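Residue-level listing of the chains:
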Amino acid sequence: MAGCCAVLAAFLFEYDTPRIVLIRSRKVGLMNRAVQLLILAYVIGWVFVWEKGYQETDSVVSSVTTKAKGVTVTNTSTLGFRVWDVADYVIPAQEENSLFIMTNMIITMNQTQGFCPELPDKTTVCKSDANCVAGSSGTHSNGIATGRCVLFNGTVKTCEVAAWCPVEDDSHMPKPAFLKAAENFTLLVKNNIWYPKFNFSKRNILPNITTTYLKSCTYDAVTDPFCPIFRLGKIVESAGHSFQDMAIEGGIMGIQINWDCNLDRTSSLCLPSYSFRRLDTRDVDHNVSPGYNFRFAKYYSHLTGAEHRTLIKAYGIRFDIIVFGKAGKFDIIPTMINVGSGLALLGVATVLCDVIVFYCMKKRYYYREKKYKYVEDYEQGLGGEMDQ
Amino acid sequence: MAGCCAVLAAFLFEYDTPRIVLIRSRKVGLMNRAVQLLILAYVIGWVFVWEKGYQETDSVVSSVTTKAKGVTVTNTSTLGFRVWDVADYVIPAQEENSLFIMTNMIITMNQTQGFCPELPDKTTVCKSDANCVAGSSGTHSNGIATGRCVLFNGTVKTCEVAAWCPVEDDSHMPKPAFLKAAENFTLLVKNNIWYPKFNFSKRNILPNITTTYLKSCTYDAVTDPFCPIFRLGKIVESAGHSFQDMAIEGGIMGIQINWDCNLDRTSSLCLPSYSFRRLDTRDVDHNVSPGYNFRFAKYYSHLTGAEHRTLIKAYGIRFDIIVFGKAGKFDIIPTMINVGSGLALLGVATVLCDVIVFYCMKKRYYYREKKYKYVEDYEQGLGGEMDQ
Amino acid sequence: MAGCCAVLAAFLFEYDTPRIVLIRSRKVGLMNRAVQLLILAYVIGWVFVWEKGYQETDSVVSSVTTKAKGVTVTNTSTLGFRVWDVADYVIPAQEENSLFIMTNMIITMNQTQGFCPELPDKTTVCKSDANCVAGSSGTHSNGIATGRCVLFNGTVKTCEVAAWCPVEDDSHMPKPAFLKAAENFTLLVKNNIWYPKFNFSKRNILPNITTTYLKSCTYDAVTDPFCPIFRLGKIVESAGHSFQDMAIEGGIMGIQINWDCNLDRTSSLCLPSYSFRRLDTRDVDHNVSPGYNFRFAKYYSHLTGAEHRTLIKAYGIRFDIIVFGKAGKFDIIPTMINVGSGLALLGVATVLCDVIVFYCMKKRYYYREKKYKYVEDYEQGLGGEMDQ
């Protein structure tokens, strides 16, 4: 018991600090300080100032709503004079983080369930029923083959299919795009972000923006960087593409909103930055279903039960709003981790200099003698005497 | 060769440890231990126990499905007596992480393509055709101006437009909300989460919940914190808003599901926690398209080809299910990083005490003498003699 | 001033390095090196080689488009012979990160607003009007009770409701699934990913894939791991479920695309890896709305204003494309942090050996004497003499 107390006391009342050799030498001294300075500079300057190593980070949680505006008219032989408004060209009416604007279309009206000849291609053209396998259906066929070989037009015969008739002929797509005027439509993006870890939330309609400004402005990287209303044509241009080209086959545009925030500074400095990128990189040698399109139908019926539909293959531009970003705020953990490693790195300075002093300098033996005390395992005497 | 071996042997069979000065002093000793204790306490207590510095973390991958339930009736002059069920007020029928419930609407029936006068506002009211620019179309106009100035009603004349006629008049929105009964509709949220790094997956319908309970329960933060069925009214209240107010102009509610899990403990302790937040912060001075609404149309046609549509401007509440969270599990890397930095920090103790002992205490010269061994660069003799 | 300079000079031109005891002992030496080796091995081998501790990481930003292909026919008493194509079974026509394929359905045709008896169940069956509360509406009821008790069929009487009549009877769902042929439909997934921090983007249609290959291939984990076209049946099988079972009640399949990339190596090694998981874990004792389904309606009307609808309860499989992954690239910060901590850990070696040498070995007193220099706080003399 008493012994134990003694040990404890010894432990508590002792202070152990390493013995140091102080070498008074310009060369070595300066070198040592220089190395230390470098490491210190790195730790403070780079880790802390530049990379904000003292901050805890969190990634963004976001919610987006969009609203398109614009009207245009078309005048074609099939549809005649027709007005297109939001309800017509935005499909579906709403999505969570994206918005599809139809810019081109292949419309097949008054389709009914029935039997009709397939479109002619190398698999469907036939001489006689023998060429058509009943019940078969290829990847690109519009229906199920009946096994009969019928006239497609005066000259060509193709296999008959059970399908929505007449079948869609999407071989020729309108050029220029059917709704090329979409270039001037506008898109309002409302974005509300939240950093759960710091419970910090903000929206892309900044408090200092007036309603009158919002009613009139359109986004411009230079003049109006915080106006959340975008002209479709401008979005595509900013990504380095031509709207009219894109409108024909369709495509996908990413509207990227970056919310990098340093929450150690005032929240008014936490601002969205918009950028635009085309997401469907198209290269000529990978044109399997290039651009972007999908089919949908409007169904019509009569109390008689007779149902018919209008099939629309809609080409258009899907605008995906991609919100990302990191917020940083001072936190003790990362700070300490970096300080700790920094200190450890300072140790390197000594190691480095030791190598130089005790291996490279001509006075090395003299210095070594001072630093080291040799203890032979075997005869004790030596150990003692060798100590200077 | 032999020499090299000798060096290697020397390297292998040598053990170098710093020489230490042991100062037997209550003051210094205690101080030293105290500082060490503090740092140790910080490293262990804060980094490890509190911030779980020994854990590798991963963020959640989630999948959500929703299902609304509820029926209500309305009785208005325009629509007469009408029942509304899920298929009527959920638009679109399904979305990935969100659900829109229509609570209010402006319906414009039997629109057809044609020519009709614009709604009167400061830009559209006209005296003569001279006031109307043919082909022009403002941001808020419903069609393309024909250039004629026609009677809107007995007194007012406005520019005529080519549009879906009659044009929608959304100046007066129904108050109270058309489907105010939506407050009592219920929303079932099924959420399945996955932590790829730990291949841990779980769903918000917990294994210990019985089907009978699920059939009857509705979420309540206190009494039923794990019931995945929410009463719409309650969701909005929990976020501190009034459902009836919100129902009129619409809005966006975030249903946040937080899955913070400590996977070092049993998985049954990994539970979802629900919270609700309004995502469309509305302030009076930023009411550019306040709330949340969008337009969609139902298209009707006749074999004659005559097409008409019912345009609906749907106001409503979009419920975004936002799933987030981090899972932590013991991992050697972060542990070692923290241990390492911790040790490095312990070094600080010595540095601190050294400063005090060798610069502040009155016995400092005496102590220094013990700790330091001065080696002059110039005359060797001195170096040796100064060593005690 | 001069003094200050002297101090500064002293500080600059001094080099302090700890004094070392070099113990020439096989045992201790080897032990020490061994421990150091272990720690070094850990730091280099594990932290750097295995866990890539020298890399900065970033998580993926992704954009997905999907396209389904396939046609089938059904022949039922209610609908007769009918062809189903993409526009019929994909609902809605497009979504951002997922695609719903209808595989089964309960169709209720020609519903009109009106009054009709509820489906019989324990709450709706009635003897007389007394059993029916006017205006009441349960969770599962199809309308608002009128308070009358009417004949449902020859034998059973149920409460009358104001609803879309006739009310849907979803008690019997078709087995096998109505569109069981969906098993052979194919799904093309186009995925474009981006790592903002490294501004690295790539798509899942790899540059070395030819168009002809894309036209013909279907994904197979072994033979075609990079073909982005999936057979629905195969997806479900890969997740260990039966498509035909799943098709009946519906469900949710996760198509997981993992983009783990080491950007220190050539970008052609950054490849997607696909995996499949069923997201609606179904267990018999939690079958509250099992599988996946939703209701939607097609509305029909006549210039008379009479509106009727076809209500469809669509069961089907929703394919969620879940993209995740981390990219790593060399960065100085994490490297230094790890190096720092590594060095600090090396310190542990000395501590460990010290403990053994100075507390466990029989020669410990002799060694201690060499290492330590005892300085008594009280009488100076002793301190000096005790120094060897």
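### Let's talk about the overall build of chain A
Now for step 1: Per the secondary structure count, chain A includes nine helices and 19 strands.
Now for step 2: On C-alpha atoms alone, chain A measures out to a radius of gyration of 38 Å, which is more than a quarter above the 21 Å that the 2.2 N^0.38 rule sets for 388 residues.
Now for step 3: For chain A, the spread of C-alpha atoms along the principal axes amounts to about 120 × 65 × 55 Å.
Now for step 4: Considering only residue pairs separated by 6 or more positions, chain A has 69% of its internal contacts joining residues 24 or more positions apart.
Now for step 5: Counting 40 positive and 37 negative side-chain charges, chain A places the averaged centre of each group 6 Å from the other.

### Some details on the state of the cysteines
Working definition: the covalent bond between the sulfur atoms of two cysteines is a disulfide.
Now for step 1: One pass over the full model with this rule turns up 15 disulfides over all chains.
Now for step 2: Two residues, A:Cys132 and A:Cys159, share a disulfide whose sulfurs are 1.9 Å apart. Where A:Cys132 bonds to A:Cys159 through sulfur, the torsion about that S-S bond is close to -90 degrees, and the disulfide is left-handed. Taken together, the positions of A:Cys132 in the loop between strand 7 (98–117) and strand 8 (144–151) and A:Cys159 in strand 9 (residues 157–165) put the pair 27 residues apart, joining distant regions of the chain.
Now for step 3: In this structure A:Cys132 comes out as buried when scored by relative accessible area, which is 7%.
Now for step 4: Residue B:Cys116 pairs covalently with B:Cys165 via a disulfide, S to S 1.9 Å. Around the S-S axis, the bridge from B:Cys116 to B:Cys165 shows a dihedral of about -80 degrees and counts as left-handed. Residue B:Cys116 is located in strand 7 (residues 98–117), and its partner B:Cys165 is located in strand 9 (residues 157–165); the two are separated by 49 residues in the primary sequence. Both residues of the pair, B:Cys116 and B:Cys165, belong to the buried class.
Now for step 5: Taken N- to C-terminal, the disulfide-bonded cysteines of chain A are connected 1-6, 2-4, 3-5, 7-8, 9-10.
Now for step 6: Looking at B:Cys360, it has no disulfide partner, and the nearest cysteine sulfur is the one in B:Cys353, 11 Å off.

### Notes on the confidence of the model for chain A
All names here are of chain A.
Now for step 1: When pLDDT is averaged along chain A, the result is 84, and 93% of the positions lie at 70 or above.
Now for step 2: Averaged over each element, pLDDT in chain A is lowest for helix 9 (residues 380–385) (40) and highest for strand 12 (residues 229–231) (95).
Now for step 3: Low pLDDT, under 50, characterises residues 379–388; the stretch is placed with 17 contacts to residues that sit more than four places away or in other chains.

### Focus on the relation of the copies chain B and chain A
Copies of the same chain, two in number, are related to each other by a rotation about an axis and a translation along it.
Now for step 1: Note on the identical chains: chain B maps onto chain A by a rotation of 120 degrees and an axial translation of 0.0 Å, with an RMSD of 0.1 Å. In the structure described here, the two chain copies are related by an operation that fits a three-fold rotation axis.

### Topic: the interface of chain B and chain A
Put simply, an interface is often sized by how much accessible area is lost when its parts join up.
Now for step 1: Of the residues lining the interface, 92 residues belong to chain B; the matching set on chain A comes to 70 residues.
Now for step 2: Surface buried jointly by chain B and chain A totals about 7500 Å² across both partners, of which 54% is contributed by carbon and sulfur atoms.
Now for step 3: Connecting chain B to chain A are four salt bridges.
Now for step 4: B:Glu307 serves as the salt-bridge partner of A:Lys298, at 3.8 Å between the closest nitrogen and oxygen.
Now for step 5: Here chain B and chain A share 19 residue pairs in polar contact (both at pLDDT 80 or more) between them.
Now for step 6: The element contributing the most residues to the side of chain B that touches chain A is helix 7 (residues 332–360) of chain B, with 11 residues.
Now for step 7: Looking at the side of chain B that touches chain A residue by residue, the class counts come to 42 nonpolar, 28 polar and 22 charged.

### Things to note about the environment of B:Tyr15
Now for step 1: Position of B:Tyr15 among the secondary structure elements: in strand 1 (residues 14–18).
Now for step 2: Here B:Tyr15 falls in the buried class, since its relative accessible area comes to 0%.
Now for step 3: Discounting residues that sit within four places of it in the chain, B:Tyr15 has contacts with C:Val21, C:Leu22, C:Ile23, C:Val28, C:Gly29, C:Asn32, C:Thr350, C:Cys353, C:Asp354 and C:Val357.
Now for step 4: Within polar-contact distance, the side chain of B:Tyr15 engages the side chain of C:Asp354 at 2.4 Å.

### Some thoughts on the interface of chain A and chain C
Now for step 1: Facing 91 residues of chain A, the contacting portion of chain C comprises 70 residues.
Now for step 2: Summing both partners gives a buried area of about 7500 Å² for chain A against chain C, and 54% of it is carried by carbon and sulfur.
Now for step 3: Joining chain A to chain C, the criterion identifies four salt bridges.
Now for step 4: Counting every contact that joins chain A to chain C gives 18 residue pairs in polar contact (both at pLDDT 80 or more).
Now for step 5: Here the side of chain A that touches chain C takes 11 residues from helix 7 (residues 332–360) of chain A, the largest share from any one element.
Now for step 6: For the side of chain A that touches chain C, the per-class residue count stands at 42 nonpolar, 28 polar and 21 charged.

### Some details on unusual backbone geometry
Now for step 1: Between A:Cys165 and the following residue, A:Pro166, the backbone shows a cis peptide bond with an omega angle of -5 degrees.
Now for step 2: Secondary-structure assignment places A:Pro166 in the loop between strand 9 and strand 10 (186–195).
Now for step 3: In the segment running from C:Ile91 into C:Pro92, the intervening peptide bond is cis, with an omega of -10 degrees.
Now for step 4: You can see C:Pro92 is positioned in the loop between helix 3 (86–89) and strand 7 (98–117).
Now for step 5: The phi dihedral of B:Asn199 falls on the positive side, at around 45 degrees, and the residue is not glycine.
Now for step 6: Position of B:Asn199 among the secondary structure elements: in the loop between strand 10 (186–195) and strand 11 (200–203).
Now for step 7: In this structure B:Asn199 comes out as exposed when scored by relative accessible area, which is 57%.

### A closer look at the sheet that holds strand 19 (residues 372–376) of chain B
Now for step 1: If you trace the three strands from one edge of the open sheet to the other, you get 19(B)-2(A)-1(C), paired in mixed fashion. Sheet topology places strand 19 of chain B together with strand 1 (14–18) of chain C at the edges, where each strand pairs with a single neighbour. Strand-to-strand twist of the sheet, defined as the mean angle between neighbouring strand axes without regard to direction, takes the value 25 degrees.
Now for step 2: Relative to strand 1 of chain C, strand 2 (residues 20–24) of chain A is paired through five bridges, and the arrangement is antiparallel. In the sheet register, A:Arg24 faces strand 1 of chain C, and the bridge partner there is C:Glu14.
Now for step 3: Sitting on the sheet, helix 8 (residues 364–371) of chain A touches strand 2 of chain A, strand 19 of chain B together with strand 1 of chain C, and the angle it makes with strand 19 of chain B is about 165 degrees.

### Observations concerning the packing of aromatic side chains
Now for step 1: Here the structure, examined in full by the defined rule, presents 48 aromatic pairs over all chains.
Now for step 2: Here C:Tyr219 and C:Phe230 contribute two aromatic rings whose centre-to-centre distance is 5.1 Å and whose plane-to-plane angle is 40 degrees, an arrangement assigned as tilted. Linking C:Tyr219 in the loop between helix 4 (211–216) and strand 12 (229–231) with C:Phe230 in strand 12, this pair joins segments that are 11 residues apart in sequence.
Now for step 3: On the basis of relative accessible area, C:Tyr219 is assigned to the buried category, the value being 8%.
Now for step 4: Taken together, A:Phe100, A:Tyr292, A:Phe294 and A:Phe296 form an aromatic cluster joined through their ring pairs.

Rules and cut-offs
- Residues numbered from 1 in each chain as written.
- Chains lettered and ligands numbered in written order.
- Predicted model: local features only at pLDDT ≥ 70, side-chain atom pairs only at ≥ 80, totals over all residues.
- Heavy atoms only, no water.
- Helix = DSSP H or I, 4+ residues; strand = E, 2+ residues; numbered from the N terminus.
- Rg over C-alpha atoms; globule rule 2.2 N^0.38 Å.
- Contact = heavy atoms within 4.5 Å.
- Lys, Arg positive; Asp, Glu negative; His and termini not counted.
- Charge placed at Lys NZ, Arg CZ, Asp CG, Glu CD.
- Disulfide = S-S within 2.5 Å.
- Buried < 20%, exposed > 50% of the residue type's maximum accessible area, 1.4 Å probe, protein only.
- pLDDT = per-residue confidence, 0-100.
- Least-squares fit on C-alpha atoms with pLDDT ≥ 70 in both.
- Buried area = accessible area lost by both parts, 1.4 Å probe.
- Salt bridge = Lys/Arg side-chain N within 4 Å of Asp/Glu carboxyl O.
- Polar contact = N/O pair within 3.5 Å; in protein donor to acceptor, adjacent residues only side chain to side chain.
- Nonpolar A, V, L, I, M, F, W, Y, C, P; charged D, E, K, R; others polar.
- Pairing = 2+ DSSP bridges.
- Axes fitted to C-alpha atoms, helices over the stretch in contact; angles between N-to-C directions.
- Phe/Tyr/Trp six-rings, centres within 6.5 Å; stacked < 30°, edge-to-face > 60°.

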